[in-house]
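The lines below spell out each chain.
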Amino acid sequence: MVSDTVELLKNEIPLEQQSVVLAEDTVNGLVLVDIINGFCTVGAGNLAPREPNRQISGMINESARLARLFCEKKLPVMAFLDSHHPNKPEDPYPSHCIVGTDESNLVPALRWLENETNVTIRRKDCFDGYFGSMEEDGSNVFVDWVKKNKIKTLLVVGVCTDICVLDFVCSTMSAKNRGFLKPLENVVVYSHGCATFDIPMEVARNTKGTLTHPQEFMHHVGLYMAKERGAKIANEVLFGAEEKA
């Protein structure tokens, strides 16, 4: 039944994806959104998967592969880590990824990033990494990172496709369109490098305060809405000569 619904959705709002070539003669930046234990490691917390999940595992593998490429090329990488204070709940979700716990740390496959000189790690206490980068003095760590590195194309991967990834992309596209992120020109969301969680209807019905969240359905919706905001959706990411118009 769920698979039939997903196919119906994809027919009603088809999502055209593309192969994106990241030009070698310009600066490309990689943003990793919340690829942390609390969202990705089985049994690691209230919002972690309860059993191995193919979409999440694939996302981790693809994100780690791209991160290796970016680090080999000494290109800028920013990793957002969801990190909350105990007295600041994030409705409608239960307590998760509390500062100082292993839930808020990178998954084992990406922990090596902490020692890379081209990597900026930003702990955030909200869904949206753009707003989570704001400092008390009004400056923004993400905005400064884009400008300092003169990033023209931003590649985005991580979790959750329809929540933190989408929120970050929406804010970034709005800021770019207002001219706040020069010289940024393109935002690319890599579909195989993103994932979301799965809460079937029968589980939600029996768990007070829980919203239904079919994984494939919401993954598609998240990507579709990111494209509606002007991001490119890629099913393949390559490095090479500059893309031809």
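This write-up is about the structure you can find in this document. (Residues numbered from 1 in each chain as written. Predicted model: local features only at pLDDT ≥ 70, side-chain atom pairs only at ≥ 80, totals over all residues. Heavy atoms only, no water.)

**Some details on unusual backbone geometry**
Convention followed: By definition, any uninterrupted DSSP run of H or I lasting at least four residues is a helix, any uninterrupted run of E lasting at least two residues is a strand, and each is numbered from the N terminus.
That bond from valine 159 to cysteine 160 is cis: its omega, -10 degrees, falls within 30 degrees of zero. Along the chain, cysteine 160 falls in the loop between strand E5 (153-159) and helix H5 (164-177). Between lysine 182 and proline 183 the backbone carries a cis peptide bond, its omega angle lying at 10 degrees. Tracing the sequence through the fold places proline 183 in the loop between H5 and strand E6 (186-195). Even without being a glycine, aspartate 34 presents a positive backbone phi close to 55 degrees. If you trace the backbone, aspartate 34 turns up in the loop between strand E2 (28-33) and helix H2 (37-40). One non-glycine residue, lysine 150, lies in the positive phi region at around 55 degrees. Among the structural elements, lysine 150 can be located in the loop between helix H4 (141-149) and E5.

**Here's the deal with the packing of aromatic side chains**
Both the distance between ring centres and the angle between the ring planes are used here to describe each pair of aromatic rings. What counts, and what does not: The aromatic pairing rule takes the rings of Phe, Tyr and Trp, using the six-membered ring of Trp, and pairs them if the centres are within 6.5 Å, calling planes under 30 degrees apart stacked, those over 60 edge-to-face and the rest tilted. We call a residue buried when its accessible area falls under 20% of the maximum for its residue type, exposed when it is over 50%, and partly exposed in between, using a 1.4 Å probe and counting protein chains only.
A full pass over the atoms with the stated rule returns eight aromatic pairs. Seen from their ring centres, tyrosine 93 and phenylalanine 127 are 6.1 Å apart, and the 70 degrees between their planes marks the pair as edge-to-face. Taken together, the residues tyrosine 93 in the loop between strand E3 (77-82) and strand E4 (119-124) and phenylalanine 127 in the loop between E4 and H4 connect sequence positions 34 residues apart. Classification of tyrosine 93 as partly exposed rests on a relative accessible area of 22%.

**Notes on the environment of phenylalanine 127**
Here is the rule we go by: The contact definition used throughout considers only heavy atoms, calling two residues in contact when any of these lie within 4.5 Å.
Under the relative-accessibility criterion, phenylalanine 127 is labelled partly exposed at 22%. Considering only alpha carbons, one finds phenylalanine 127 and aspartate 82, 45 residues apart in sequence, at a separation of 7.7 Å. Ignoring anything within four residues of it in the chain, the contact list for phenylalanine 127 reads Glu90, Asp91, Tyr93, Ile163, Cys164 and Asp167.

**Quick look at the pairing of E5**
We apply this condition: A pair of strands is treated as paired once DSSP finds two or more bridges between them.
By the criterion of burial, E5 is predominantly enclosed, with seven of the seven residues buried. Going residue by residue along E5, you find Thr153, Leu155, Val157 and Val159 tucked away on one face and Leu154, Val156 and Gly158 tucked away on the opposite face as well. As paired elements, E5 and E6 share six bridges and run parallel to each other. Looking across to E6, one finds that threonine 153 is bridged to asparagine 186.

**Quick notes on the sheet that holds E3**
Rules: Here an axis means a line fitted to C-alpha atoms, over the contact stretch when the element is a helix, while the angle between two N-to-C directions is reported on a 0 to 180 degree scale.
Here seven strands make up an open sheet; going across it, the order is E1-E7-E6-E5-E2-E3-E4 and the pairing parallel. Unpaired on one side and paired on the other, strand E1 (18-23) and E4 mark the two borders of the sheet. On average, each strand axis in the sheet is inclined to that of its neighbour by 35 degrees, with strand direction left out of account. Pairing of E1 with strand E7 (residues 232-240), which is carried by six bridges, proceeds in the parallel orientation. If you follow serine 19 over to E7, its bridge partner there is glutamate 236. Sitting on the sheet, helix H3 (residues 54-72) touches E1, E2, E3, E4, E5, E6 and E7, and the angle it makes with E6 is about 135 degrees.

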